[in-house]
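What the coordinates show
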Amino acid sequence: MSIRVEALTKVYGKQKAIDGITFSAEPGVLGFLGPNGAGKSTTMKILTCFIPQTSGTASVYGFDVEKQSLDVRKHIGYLPESNSLYLDMYVKESLGFIAGIHKIASPEKRIAEVIEQTGLGPEQHKKIGQLSKGYRQRVGLAQAIIHNPEVLILDEPTSGLDPNQLIGIRQLILDLGKTKTIVLSTHIMQEVEAVCNQVIIINKGTIVADDSLQGLRDKNKGKSLEDIFISLTNK
């Protein structure tokens, strides 16, 4: 398994943000769904070694997030919901900076590949601060994949994209999911139906569904994903 989570719990003061969740993910695209405050971002921050868990275990690509965090970071790419970028840097310059951090061999070649993949070609010589929100999102995605990680954690990756950009990024996620394990958090149900082969729904810190997209539909008498989501989280 590329991702394995066992009885993972995170407590803030008296509040349990996540409460003993267990799941695993293999190559493909996993839709990680839940209402605001359900525990999605907390789980992703633990998987990417930004914060420690209170109890339980999690591993990414065979490395323990608590004991082997540097190894985890080498094999994971992360696009957070708050996509922090150096606005005074040029697009190509920022990708060079990230490539340097990862000590990528032949960085110029890899930067060109990632710019092509994410459709940043027309904007590559602009400062990030001059870009639209959609193109900034593409820069964040390019930075997340530049070191060719085996696992990708994407938190609302299509936020701010227009319909044409949306199609391009969805196709990129589908293509990447053929060889990588992708955890995709989104509130857009059509996006999940378009790219995900596995779906986890989390509510109030606990997992209320973990199945294939088709399995979830079969168990809920063919209801739409939106109706299934509402019925499981509106409790």
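See above for the structure.
Rules behind the numbers
Residues numbered from 1 in each chain as written. Predicted model: local features only at pLDDT ≥ 70, side-chain atom pairs only at ≥ 80, totals over all residues. Heavy atoms only, no water. Buried < 20%, exposed > 50% of the residue type's maximum accessible area, 1.4 Å probe, protein only. Helix = DSSP H or I, 4+ residues; strand = E, 2+ residues; numbered from the N terminus. Pairing = 2+ DSSP bridges. Contact = heavy atoms within 4.5 Å. Axes fitted to C-alpha atoms, helices over the stretch in contact; angles between N-to-C directions.

**Topic: the pairing of strand β9 (residues 198-203)**
Of all six residues in β9, six are buried; the element is thus mostly enclosed. Here β9 shows two buried faces, one formed by Gln198, Ile200 and Ile202 and the other by Val199, Ile201 and Asn203. Direction of pairing for strand β3 (residues 28-33) relative to β9: parallel, over a ladder of four bridges. Residue pairing in the sheet places Leu33 in a bridge with Ile201 of β9. Relative to strand β10 (residues 206-212), β9 runs antiparallel, the two sharing six bridges. Bridge pairing in β10 links Val199 to Asp211. Linking β9 to β10, which pair antiparallel, is a turn of two residues; within it Lys204 sits at a positive phi near 50°.

**Considering the sheet that holds strand β4 (residues 55-60)**
Taken together, four strands build an open sheet; the order of strands is β2-β1-β4-β5 and the sheet is antiparallel. Each end of this open sheet is capped by a strand with a single partner; those strands are β2 (15-25) and β5 (63-64). Relative to β2, strand β1 (residues 3-12) runs antiparallel, the two sharing seven bridges. Among the inter-strand pairings, Leu8 is bridged to a residue of β2, identified as Ile21. Docked against the sheet, helix α1 (residues 40-47) engages β1, β2 and β4, running at close to 60° with respect to β2.

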